[in-house]
Amino acid sequence: MKYFVTGLAAAVAVLAAGAGFAANETIAVFTKNLTNPYFQAVRVGAEAAAKTLGVKIDQYIPTKPDSIPEQLSQVEDVIVKKPDAIVFIPVDYKALVPAVEKINAAGIPVVNITDRSAGGEFVSFVGANDYGIGLATATDLLKAMGGKGNVIILEGVKGALSNTDRVRGFNDALKGFPNVKLLASQPANYQRLQALQVMENLMQSFPTIDGVLAANDPMAVGAIEALEGANRKALVVGINGSKEAVELIKSGKLLASGDFNGFIQGCIGVEIAVRALRKQPTPKELILKPAVIDTTNFLSYETPVEERTCPTLDQVGAP
Amino acid sequence: MNKQTTGRADIAAPPRFGFSSNVMQVLYRLLAAALLCMVLASLSDAFMTENNILNVLRQTALLFLMASGLTLVILTAGLDLSVGANIALSACLAASVIKATGSASLGVATGIGCGTFVGLANGLLVTALRIPSFIATYGVMWMLTGLTYFYMGGQTIHGFPPAFRQLGSGYLLGIPMPVYVMVLFLAIGTFFAQRTIWGQQVYAIGANPVAARLSGVPVQSRLVLVYTLSGAMAGLASLIILARINSAEGDIGENLTLPAIAAVLVGGTSLFGGSGSVMGTLIGALILTLVLNGMNLLQVNASWQPLVTGVIVLVAVWISTLTRPSDE
Amino acid sequence: MSSRTVAPSLIARVPGVAIALIVLCTVFAFASARFATPTNIANILVQSTILLLLALPMTLVIMTEGLDLSIGAVLTFASIILAVIVIATGSLALALSAALAAGLCFGLANGVLISVLGIPPFITTLGTLGIAQGLSLLVTDGQSIVGIPRSIESLYSGSLAGIPLPILIATLAYAVTHILLYHTRFGTYIFALGGNREALKIAGISVRGMLIGVYLFSGLMAGFAALLLTARLNSAHPTAGIGMEFDAIAAVAVGGTSFERGNGWLFGTLLGVLAVGVLRNGLNLLAVPSSAQVASIGALVIIALFIDGLRSEP
């Protein structure tokens, strides 16, 4: 019993010490989940900017990936703590509006990044555009196919905004290439293994597949594995611009990957938040141009996110 | 779930019990699977092709390996919810070992070792700490998930030596490697369950743990054994998945646990313990794989897929309850 | 009837969940200045209400040696129905009735499949989970439903006599469940369903009717929870309730109700729900890294039950 109390006291002390550490300004950063490398890049970017600017970051991630109620609860809890500013990626751009309104009511300045929230007041929005990236990446593929042939779409999670927009981008790109036939559009839930198995199954129905539009990189990799396993070839594109994708582009297995640059969004999001706190001018909106990583430009993406330095607002070309 | 006070009419005292009723259940399920095949073959030309059949077999093998150890746990009227998280952690650890040392065999040892260790922990929580298996494995699942996320830090490990990858993607005599592993473990599992004293004891524990204990079965150590085996099988499955998809990420275990449990239950093993078979689990895995295969071949819309799967699972199990010897 | 029909006496032993809750509150109160503030405590209570509404019927279901894995998906579907109808007709009463009806339908389906067709609860509710999820996706086509009248939101954020409305609703739900379980014949039979089914049959009570009733209750509560969920989100989303069934089951089990022991304790469920809420809130306030948060939830569950296991009969 004595040891239990001592241990408990020690635990309390440690926690209190950790929580009591005061920094100049604290910024709470909200991302969607622990598993998608994109959000990891956002968090790394946020931390990098924070170090340069001399502020402290608290990361908030739902323990259940993409959980709407959990992010809502986290926002409510964070408001009690009163951080100086918030950088916010809503798990769902519509469902989290009440949370943003609570942040507004509490008078905490908030910057919206990645997915544009459907409501609430923000200092600024920094984002890339799922639709635009889907469109650009698909166009890359269709051009590489010479404008003719058969393609397959591997969809992500039904119900996720990113998925809806990217697939819409794919489909719109296809409209511009009438000689390309869309054979099938099947879901693989953004998961690698599932994409592999779905691709295997689809290859049975379709002896000729020339291109694969995958809504994210893990699915693209799954498709590539399936193709290699069956000794078939096709041009494959993904979205995320992950490290793995860059390596596959380098080795020629993946044609291209749409780049969101979560790292930059994390950097700029924090920078804008800090500028707002320090009463410096901030842009109302910053849409990063959709970039597609392929064999022509992958070199600049080879540095792992942890080693990159944050570009500043001026460098990214804010108005 | 355990019925501690009620006995079961279909369990007799003699050692070799449950054999013939299990065989009948397996046959009924084979019939169901065959029916499903016929339906799919008539709806899609691509179904009965050599490649598709091999694919289905390989996909079934992966699901079966995850579910095989789980079958033993469920036979004891327990449940292991940590299977998916166990696979994720084992795969990630094995992946980094392979990357760090370049040795596939060290990776294999790590994967199986990790899985076994987790299984052992589950077994001890259930027996020594007497925590109900549902909750113990649920808690372990969260802890493993947290550990895996922390360890991987949002990164992916990819690219393994070709020799290792053969385990998942290779062929031997035209048949995918995982199928051989599946057959091997089907044989081992069935032998263990039906022909060894230990297996018989597992059935007895599930049917009536009090009676089993009274008749001299070392219930606690057998339970630890089953959970450890379940963990070890998860470790093995993680290696084959790793070899198949050639990468490891923190979330690969996310959608694996419920399908594994569903495979066991569709295969006829009862959550109340004491009846079921490893062969049944294989057919359960086959049925679930056929459903997904069918939905892809027939291009069922994404929104319909959960619904179709749910309905088919219900129908499959309903048919099996119609044919099970009544015990109420 | 055995001693299982009597709730464990509080004086005789302090359950693991209570110890866990006390320890957590103490630790967090010291570690964070914000924890013990009225606003934060109110937050925790309000945030726990939806889970409580799911965990209350789950307690009954688990006492009958069953499980309702579909309750999260049914909650989601009911909230979508509610949103669609309130936007279409402007009538909250109509919308709520529709949501309750949806919950009851699934409850009936579960009950019938389990008791009449004899399909094990795990598989049945897994199947209905898929069906409910599928219906949610089909109705919404994967999109959120917005445009809900603001008055609905006030159901979640408003208060009556200084007490937040959700807490009042949750208290009412708890009271109803308590009366149902401890003061009606239905409740007594539920205790029997868990350990002594034969006695029920001998007494001529319809086991089937009981089981259907329990799952109907589960569906009904999911319908009410849908009201709170839609109000909280001010929208309806096809993935909103995912995973809540496991949270509810964990809260029930942490609270001491066990399908393997056949006993049930409703107050324990409440403590279990609070323990999970306090843990999450405290970890958020302390900005504990997410992977550690994930692991802590598992640890809480195991530790609470470990403490219980130390004192129960072998």
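None of these values were measured; they are calculated from a predicted model. (Residues numbered from 1 in each chain as written. Chains lettered and ligands numbered in written order. Predicted model: local features only at pLDDT ≥ 70, side-chain atom pairs only at ≥ 80, totals over all residues.)

Asker: Just checking my understanding: could you explain helix H2 (residues 38-63) of chain C for this structure?
Answerer: Residues separated by three or four positions in an α-helix point in the same direction, a consequence of the helix having 3.6 residues per turn. All names here are of chain C. Relative to the 38 Å expected for 26 residues at 1.5 Å per residue, H2 spans 35 Å between its end C-alpha atoms, a close match to the ideal helical length. The principal kink in H2, of about 40 degrees, is found at Thr49. Counting buried residues along H2, 21 of its 26 residues qualify, which places the element largely inside the surrounding structure. Among the residues trailing H2, Glu65 stands out with phi positive, at a value near 65 degrees. (Helix = DSSP H or I, 4+ residues; strand = E, 2+ residues; numbered from the N terminus. Expected span 1.5 Å × (residues − 1). Bend = angle between axes of the 7 residues up to and from the residue. Buried ≥ 20, exposed ≤ 12 C-beta atoms within 10 Å, placed from the backbone.)

Asker: I would appreciate a short explanation of the packing of H2(C) against helix H12 (residues 266-285) of chain C in the present structure.
Answerer: All names here are of chain C. H12 packs onto H2 with a crossing angle of 140 degrees between their chain directions and a minimal axis gap of 8 Å. The angle between H2 and H12 places the two elements in the oblique class. Note that H2 runs across H12; the crossing there is right-handed. In this structure, H2 contributes Asn40, Asn43, Ile44, Gln47, Ser48, Leu51, Leu52, Ala55, Leu56 and Thr59 to the contact, and H12 contributes Leu266, Thr269, Leu270, Gly272, Val273, Leu274, Gly277, Val278 and Asn281. A class-by-class count of the residues in the contact of H2 with H12 yields ten nonpolar, nine polar and no charged. (Axes fitted to C-alpha atoms, helices over the stretch in contact; angles between N-to-C directions. Parallel < 35°, antiparallel > 145°, perpendicular 65-115°, else oblique. Left-handed = near helix turned anticlockwise from the far one by under 90°. Contact = placed C-beta atoms within 7 Å. Nonpolar A, V, L, I, M, F, W, Y, C, P; charged D, E, K, R; others polar.)

Asker: Would you take a moment to explain the packing of helix H3 (residues 68-81) of chain A against helix H4 (residues 97-105) of chain A for this structure?
Answerer: Residue and element names in this part refer to chain A. Closest axis-to-axis distance for the H3/H4 pair is 9 Å, and the angle between their directions is 5 degrees. As the angle between them shows, H3 and H4 are arranged roughly parallel. Of the residues in H4, those touching H3 at Gln71, Leu72, Val75, Glu76 and Ile79 are Ala99, Lys102 and Ile103. Its residues placed into classes, the contact of H3 with H4 shows five nonpolar, one polar and two charged.

Asker: In this structure, what is going on with the confidence of the model for chain C? I would like to understand it.
Answerer: Detailed reading of the predicted coordinates is not advisable wherever pLDDT is low. Across chain C, the average pLDDT comes to 86, with 93% of residues at 70 or higher. For this predicted complex, the interface confidence score (ipTM) comes to 0.81, while the overall pTM stands at 0.84. (pLDDT = per-residue confidence, 0-100.)

Asker: Honestly, the interface of chain A and chain C in this entry has me stumped. Any pointers?
Answerer: How big an interface is tends to be reported as the loss of accessible area on association of its parts. Listed as interface residues are 34 residues of chain A and, on the opposing side, 36 residues of chain C. Counting residues per element, the ones that place at least two in the side of chain A that touches chain C are helix H1 (2-20), strand E2 (56-60), H3 and H4 of chain A. Broken down by element, the residue count for the side of chain A that touches chain C peaks at ten residues, all from H3(A). In terms of residue class, the side of chain A that touches chain C is made up of 17 nonpolar, eight polar and nine charged.

Asker: Just to check I follow, could you spell out the sheet that holds strand E8 (residues 211-214) of chain A for this structure?
Answerer: The pairing of strands in a sheet happens through backbone hydrogen bonds and is either parallel or antiparallel. Residue and element names in this part refer to chain A. Reading across the sheet, the six strands line up as E7-E6-E8-E9-E10-E12 and stay open at both edges, with mixed pairing between neighbours. This sheet does not close on itself; its edge strands, each paired only once, are strand E7 (180-187) and strand E12 (291-294). Across the sheet, the mean angle separating the axes of adjacent strands is 20 degrees when strand polarity is ignored. Bridge count between strand E9 (residues 235-240) and strand E10 (residues 256-259): four bridges; the pairing is parallel. Of the residues in E10, the one forming a bridge with Gly238 is Ser257. (Pairing = 2+ DSSP bridges.)

Asker: Looking at this structure, I do not really get the environment of C:Ile212. What am I missing?
Answerer: Residue and element names in this part refer to chain C. Inspection of the secondary structure puts Ile212 in helix H10 (residues 207-233). Separated by 109 residues in the primary sequence, Ile212 and Gly103 place their C-alpha atoms 13 Å from one another. When near neighbours in sequence (up to four residues on either side) are disregarded, Ile212 contacts Leu108, Gly111, Val112 and Ser115.

Asker: Explanation requested: the nonpolar core in the structure shown.
Answerer: Nonpolar side chains tend toward joint burial in soluble globular proteins. Among the nonpolar cores identified, the biggest contains 335 residues, and A:Ala223, B:Leu65, C:Leu54 and C:Ala275 are the most heavily contacted of them. Tallying contributions element by element places H10(C) first for this core, with 16 residues. Here this core gathers at least three residues from each of two domains, domain 1 (23-128 + 261-289 + 303-307) and domain 2 (130-259) of chain A. Once residues within four sequence positions are removed from consideration, B:Leu65 is found in contact with B:Val181, B:Met182, B:Phe185, B:Met233, B:Leu236, B:Ala237 and B:Ile240. (Core = buried A, V, L, I, M, F, W, Y, C linked by C-beta atoms within 7 Å. Domains from an automatic or database assignment.)

Asker: Even after reading the chapter, I still don't get the pairing of strand E3 (residues 85-88) of chain A, so can you show me in this structure?
Answerer: It is a general feature of regular strands that their side chains alternate between the two faces of the sheet. All names here are of chain A. Of the two faces of E3, both are covered, the one formed by Ala85 and Val87 as well as the one formed by Ile86 and Phe88. Judged from the four bridges that link them, strand E1 (residues 26-30) and E3 form a sheet pairing that is parallel. The partner of Val29 across the bridge, within E3, is Val87. Two elements, E3 and strand E4 (residues 110-113), share three bridges in a ladder whose sense is parallel. Bridge pairing links Val87 to Val111 in E4. Between the parallel elements E3 and E4, the chain passes through H4 in a crossover that is right-handed. (Right-handed = clockwise from strand over helix to strand, strands pointing away.)

Asker: For this particular structure, what's the right way to read the interface of chain C and chain B?
Answerer: At the junction of the two partners, chain C supplies 43 residues and chain B supplies 40 residues. With 14 residues, helix H5 (residues 121-140) of chain C is the single largest residue contributor to the side of chain C that touches chain B. Across the side of chain C that touches chain B, the residue classes tally to 25 nonpolar, 14 polar and four charged.

Asker: Would you mind going over the environment of A:Thr303 with me for this structure?
Answerer: Here A:Thr303 lies in the segment after E12. In sequence terms A:Thr303 and A:Lys243 are 60 residues apart; their C-alpha atoms lie 8.5 Å from each other.

Asker: Even after reading the chapter, I still don't get unusual backbone geometry, so can you show me in this structure?
Answerer: Excluding glycine, most residues fall at negative phi; most peptide bonds, likewise, are trans. Positive phi outside glycine occurs at A:Asn231, with the angle close to 60 degrees. On the basis of neighbour count, A:Asn231 is assigned to the exposed category, with 6 C-beta atoms found within 10 Å. Unlike most non-glycine residues, C:Ala287 shows phi in positive territory, near 50 degrees. Note on placement: C:Ala287 falls in the loop between H12 and helix H13 (290-311). On the basis of neighbour count, C:Ala287 is assigned to the buried category, with 22 C-beta atoms found within 10 Å.

Asker: Mind showing me how you'd approach helix H11 (residues 257-266) of chain B here?
Answerer: Residue and element names in this part refer to chain B. In terms of residue burial, H11 counts as a mostly covered element, since nine of its ten residues are buried. Inspection of H11 places Thr257, Pro259, Ala260, Ile261, Ala262, Ala263, Val264, Leu265 and Val266 among the buried residues, and these make up the whole buried set. Gly268 lies just past H11 and shows a positive phi near 105 degrees.

Asker: Hey, could you run me through the pairing of strand E5 (residues 124-127) of chain A in this one?
Answerer: Residues and elements named next belong to chain A. Only one face of E5 is buried: it carries Ser124 and Val126, and the other face, with Phe125 and Gly127, is open. Here E5 pairs with strand E11 (residues 285-287) via three bridges, running parallel. Within the sheet, the bridge partner assigned to Val126 lies in E11 and is Leu286.

Asker: Help me understand the environment of C:Ile297 in this model?
Answerer: Structurally, C:Ile297 is set in helix H13. The exposure class assigned to C:Ile297 is buried, which follows from the 24 C-beta atoms found within 10 Å. Residues C:Ile297 and C:Ala275, spaced 22 residues apart in sequence, show a C-alpha to C-alpha distance of 9.9 Å. With near-sequence residues (within four places) excluded, C:Ile297 lies in contact with A:Thr63, B:Trp142 and C:Leu279.

Asker: Can you help me understand the sheet that holds E3(A) in this one?
Answerer: All names here are of chain A. If you walk across this open sheet you meet the six strands as E2-E1-E3-E4-E5-E11, and the pairing is parallel. With partners counted over all chains shown, the strands left at the sheet margins are E2 and E11, one partner each. Averaged over neighbouring strand pairs, the angle between their axes works out to 20 degrees when direction is ignored.

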